[in-house]
Amino acid sequence: MTDYKKLFSYLIEYPTRLLTKSKLVLGQFDKLTQDCGTQPIFYVLKHDSITDLLVLKRACSKAGLPSPFKPVKIGEQLFRRYVCLDKLQPVLQKSSGETDAKAQIQTVLDLHTVNTDLDAKLVPCFVAWGRSPGVETNNIKTLFNDQRKPSWLKKFFIVLFSGRDNFISINEPLSIRHVVENYGSDDEISHKLLRVARFHFQRQRLAMAGPRLWQRDNLITSLLASPVIKKAIEDEAKSKNIPIEKARQTAKSYLDEMSADYRESHIRLLDRIMTWVWNKLYSGLEVKNGDAVRKLAQDGHELIYVPCHRSHMDYLLLTYVIYYQGLVPPHIAAGVNLNFWPMGPIFRRAGAFFIRRSFRGNKLYSETFREYLAQLISKGYAIKFYPESGRSRTGRLLKPKTGMLAMTVQTMLRNLERPVTLVPVYIGYEHVMEVKTYLRELKGEKKKKESWLHLFSILKNLRHFGRGYVNFGQPIKLNKDMTEYQADWKKDCDPYYPPKPAWLNGYITNLSEKIMRNINHAAALNGVTLTAMTLALANKQTLFRDDLESQLALLIDLHKNDSPFNNMTLPPEDNVVELVNNALKMEKFVEEKGEQTTVSIAAEQVVEMSYYRNNIIHLYVIPSIIAAILLENATVDKQKIYQVVQQISPILGNEYFFSVDETALNQHIDHCLQTMQNYLVIELQGEKVSAVDHAQPPYLQLHLLSLIAQETLQRYAIVLQTLEAHPNGLSRSELERTAQEAAKYLAKMHDIKGPEFTDKSILTQFVGELKDRELIVIKEEGRFIASPALAQLAEVIFDLIDGDVFNTIRHASADKGE
């Protein structure tokens, strides 16, 4: 660094510190810190700007990385640590000249040809001021917002007005040794490296800010002029015998109702408000797998987020997390019920577009919305919609609604070349503010309409919410996925009116189920969900604290190091004592201290805790089936365990949205058995597996584990026993009604409190799965009769259920006509 630059940096460092506040994202942090301790690293920046270097210096200090102002020593030579691609534009001249970046990179490449032990790293450092993508029309804001070629004067105003919204991304390092050994070290290579760096920064800017925004009025005017909406207007006028202009005004009113009015300044204001809110309400936000999503965005993929829906808080939480991941906040599909004052205008300016619950019977609205969504996707805006449509009242994933997904796929059939990727997202909480409302609705209370009064009732009950969890699941690259399902799908493309090919409905169903599975495969374990699930199984919902801690340790270890749920995460606490302590702080459980400390669920909160149990139950139904097999058979062959679990697993996977192939399933079974042996609940002797004696202390752990899947198995047994008790068959509606009545009777007799146990939709889903698998034979008049294969499955499931419970099922499911 030249002397005048040093002096200038010292002079403005303190003012820069006062004017700026940075958000830092670190990619491959472990690799970065490992490299900087053993090999030299060089920071690559877009602009040769003192303010960029000063904020980077502060970020590096926070991350434990060397300062960009600290020289790099290679042998006896000292080198400047930062490489800048462009100089700032002169205020009065047209050309800014070139930096010495190419010469600097070439020198480092040449050193690697001489020193074979040297492996310097180039670390791209993206520094941005503000998130404004700009608008399609020029205005005064662009004078000081355009960061593509800023002068020092523009830079001054950029820092002055956007300094509190500074974003720094320190990315994955590039090994110079790898470049030299694979591509050489000549002049062309150094030129290519700089070109790649420029392209990287361009992509990163697009991923962070998004494409240029249309002014809302201009977008509506453009949509009204599109061939699709013009034809829909003509059809509306003809079918209703009204003037074209009146139909056009109707279409315009629809667009005005639905269209977002995204404003970057509004997002910045919300960032400050929500940061304060999260710090007040939450003790932390745990975010996992964000690196993969950032890489997709930087590689040019348009991202469509498809999260589960637990709470109204999801709208703000996920957008907030995406913003802090250095990605552009998405346009959000929100129900029109949320378009109430004052939240409607706030949501709209944060990127929400409002959608009616049903389009049925309104072709003009349907075509208008379809065209609006197609415009968002074709222009590259990130989008977020909830495949469940509504919030889950039970804590389980709901069966997906496929309308928005179908429109997304149909947009692809307009010959869209842009790579589009669906990003499933699991959202979890230690406290969901609407749970008590959900339980009242499940008991039959009418859902209250959203309004400012409803908002006030929520705000006055705000409390400590514990941690929030956002896990990004396995992305689905839509172009690739469609090709795998239908290799020649592009032959059906049309830029305006894509047809609905015969394969489309099947593909949409397949894709929606894949999304839900990928959400559940990214589940997050936490102290509340684990404790709620464990205590709900115990006698009187009470355990000694040491027994509770032992059971939680077993549950965590069943998924530690080897889990078929590839993106799930374990609790952030270091040990189970801390895990239970944090769960108790949420005031959902009662700890009674004495000679023997107990932890319990208060009687009035048992049903509420079933919501949190249901968030994670899908992770434990397979280990639970294994435990049930072992309790049914004191000693059993491993092969029988494999056989039974493989037979039941697909049906469980259909209900709980997970999928595990046979190899991974067998590996998981082996891991579960080894973990159980480590906890002394079973003994492995070659191919034989023996359960611990019931008089031994570890028996409780095996017993509690076996109970996790019992209510699920009992629901299945009710349907299967109903079919067996009616050999002449039942219509589907009769089967589902009879099974639901039997479930209600069983819940009453055996004090089953979870509302999902008697949920007809879950029973209907199970019957549908049996039908799809051809385990039910449909006779004349649509009567359902069990196939021989279903009779074998029934025998397996009946054997895993407690005899007393099965006796109740037999009586409740009996043919009343006999």
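Residues numbered from 1 in each chain as written. Predicted model: local features only at pLDDT ≥ 70, side-chain atom pairs only at ≥ 80, totals over all residues. Heavy atoms only, no water.

On the surface, a nonpolar cluster with roughly 390 Å² of combined accessible area is contributed by Leu19, Phe156, Leu160 and Phe161. Among the elements that make up the nonpolar patch, the one with the highest residue count is helix α6 (residues 152-162) (three residues). Phe161 sits in the exposed class, given a relative accessible area of 54%. (Patch = residues over 30% accessible without salt bridge, like charges linked within 9 Å, V, L, I, M, F, W, Y side chains within 5 Å. Areas by Shrake-Rupley, 256 points an atom, 1.4 Å probe, with all protein chains shown as cover. Salt bridge = Lys/Arg side-chain N within 4 Å of Asp/Glu carboxyl O. Helix = DSSP H or I, 4+ residues; strand = E, 2+ residues; numbered from the N terminus. Buried < 20%, exposed > 50% of the residue type's maximum accessible area, 1.4 Å probe, protein only.)

Our next topic: the pattern of salt bridges. Pairing is possible between side chains that carry opposite charge, provided their charged atoms lie close to one another. Counted by the stated rule, this structure contains 40 salt bridges. For Arg773, the salt bridge identified is with Glu769, shortest N-O distance 2.4 Å.

With antiparallel pairing, the three strands of this open sheet are ordered in space as β20-β22-β21. Where the open sheet ends on each side, the last strands, each with one partner, are β20 (635-637) and β21 (682-685). The mean inter-strand angle of the sheet, taken between neighbouring strand axes irrespective of direction, is 25 degrees. Sheet analysis places β21 next to strand β22 (residues 688-691), joined by four bridges and oriented antiparallel. When the bridges of β22 are listed, Ile682 appears paired with Ala691. The strands touched by helix α27 (residues 638-656) are β20, β21 and β22; relative to β20, the strand with the most contacts, the crossing angle is about 75 degrees. Helix α28 (residues 662-678) rests against β21 and β22 of the sheet, and its axis sits at about 115 degrees to β21. (Pairing = 2+ DSSP bridges. Axes fitted to C-alpha atoms, helices over the stretch in contact; angles between N-to-C directions. Contact = heavy atoms within 4.5 Å.)

Here we take up the environment of Lys238. As for its position among the elements, Lys238 is in helix α10 (residues 227-240). Given the relative accessible area of 71%, Lys238 is considered exposed. Separated by 362 residues in sequence, Lys238 and Ser600 place their C-alpha atoms 66 Å apart.

Let us now look at the pairing of strand β14 (residues 420-429). Burial analysis of β14 places ten of its ten residues in the buried class, the great majority of the element. Residues Val420, Leu422, Pro424, Tyr426 and Gly428 point to one face of β14 and Thr421, Val423, Val425, Ile427 and Tyr429 to the other, with burial holding for every one of them. Here five bridges tie β14 to strand β15 (residues 466-472), and the two strands are oriented antiparallel to one another. Of the residues in β15, the one forming a bridge with Tyr426 is Asn471.

Turning next to the confidence of the model for the chain. Residue-level pLDDT values for the chain average 91, and 94% of them are 70 or greater. Confidence, read as mean pLDDT per element, is least for helix α5 (residues 141-145) in the chain (52) and greatest for strand β16 (residues 476-477) (98). (pLDDT = per-residue confidence, 0-100.)

Reading across from one edge, β17-β19-β18 is the order of the three strands in this open sheet, with antiparallel pairing throughout. Each of the sheet's edge strands pairs with one partner strand only, and the pair in question is β17 (542-544) and β18 (590-592). Averaged over neighbouring strand pairs, the angle between their axes works out to 20 degrees when direction is ignored. By the bridge criterion, three bridges tie β18 to strand β19 (residues 598-600) in an arrangement that is antiparallel. Residue Val590 lies in a different strand from β19, and its bridge partner there is Ser600. With respect to the sheet, helix α23 (residues 545-557) is in contact with β17, β18 and β19, its orientation differing from that of β17 by roughly 95 degrees.

Before going further, it helps to spend a moment on the packing of helix α9 (residues 216-224) against helix α11 (residues 244-258). Two elements in contact, α9 and α11, have axes whose closest approach is 10 Å; the angle formed by their N-to-C orientations is 140 degrees. Our classification of the angle between α9 and α11 gives oblique. Here the hand of the crossing between α9 and α11 comes out right-handed. Only Arg248, Ala251, Lys252, Leu255 and Asp256 of α11 make contact with α9, whose side of the interface consists of Arg216, Ile220, Leu223 and Leu224. (Parallel < 35°, antiparallel > 145°, perpendicular 65-115°, else oblique. Left-handed = near helix turned anticlockwise from the far one by under 90°.)

A few words now on the pairing of strand β6 (residues 121-129). With nine of nine residues buried, β6 lies mostly within the body of the structure. Residues Lys121, Val123, Cys125, Val127 and Trp129 point to one face of β6 and Leu122, Pro124, Phe126 and Ala128 to the other, with burial holding for every one of them. Bridge count between strand β2 (residues 41-47) and β6: four bridges; the pairing is parallel. Note on β6: the bridge partner recorded for Val44 is Pro124. Here two bridges tie β6 to strand β8 (residues 174-175), and the two strands are oriented antiparallel to one another. In the sheet register, Lys121 faces β8, and the bridge partner there is Ser175.

Next up on the list: the packing of α27 against helix α30 (residues 710-725). Put simply, α27 and α30 touch, their axes get as near as 12 Å, and they point 105 degrees apart. In terms of orientation, α27 lies roughly perpendicular with respect to α30. Counting all contacts with α27, which are made through Ile651, Leu652, Glu655 and Tyr656, the residues of α30 involved are Thr712, Arg715 and Tyr716. Tallied by class, the residues present in the contact of α27 with α30 amount to four nonpolar, one polar and two charged. (Nonpolar A, V, L, I, M, F, W, Y, C, P; charged D, E, K, R; others polar.)

Next up on the list: the packing of aromatic side chains. Summed over all chains, the structure comprises 26 aromatic pairs. Measuring from centroid to centroid gives 5.3 Å for Trp278 and Tyr282, while their planes differ by 55 degrees, and the two rings are tilted. Judged by relative accessible area, which is 2%, Trp278 ranks as buried. When the ring of Tyr320 is compared with that of Tyr324, the centres are 4.8 Å apart and the planes differ by 35 degrees; the resulting orientation is tilted. A residue pair is termed a helical-turn pair when its members lie 3 or 4 positions apart in one helix, as Tyr320 and Tyr324 do in helix α14 (residues 313-324) at four residues. Assessed through its relative accessible area of 13%, Tyr320 is described here as buried. With relative accessibility at 29%, the residue Tyr324 sits in the partly exposed group. Feature note: the residues Trp278, Tyr282, Tyr320, Tyr323, Tyr324, Tyr429 and Phe465 constitute an aromatic cluster, connected by ring pairs. Here the basic side chain of Arg80 rests over the ring of Tyr82, its NZ or CZ set 4.9 Å away from the ring centre. (Phe/Tyr/Trp six-rings, centres within 6.5 Å; stacked < 30°, edge-to-face > 60°. Lys NZ or Arg CZ within 6 Å of the ring centre and 35° of its normal.)

Let us now look at helix α34 (residues 803-812). Taken residue by residue, α34 has Val805, Phe806, Thr808, Ile809 and Ala812 as its buried positions. Seen along its axis, α34 keeps its buried residues to an arc of 155 degrees; they face one direction. Exposed residues lying more than 90 degrees from the buried face of α34 are Gly803 and His811. Buried residues along α34 sit in contact with α30, α31 (732-749) and α33 (788-799). (Arc of directions from axis to C-beta.)

With that settled, consider the environment of Tyr612. With respect to the helices and strands, Tyr612 occurs in helix α25 (residues 606-616). For the pair Tyr612 and Leu219, spaced 393 residues apart in the sequence, the C-alpha separation amounts to 43 Å. Apart from the residues lying within four places of it in its own chain, the contact partners of Tyr612 are Tyr429, Glu430, His431, Val432, Val435, Val528, Thr529, Ala532 and Lys588. Side chain to side chain, Tyr612 and Lys588 meet in a polar contact 3.3 Å long. (Polar contact = N/O pair within 3.5 Å; in protein donor to acceptor, adjacent residues only side chain to side chain.)

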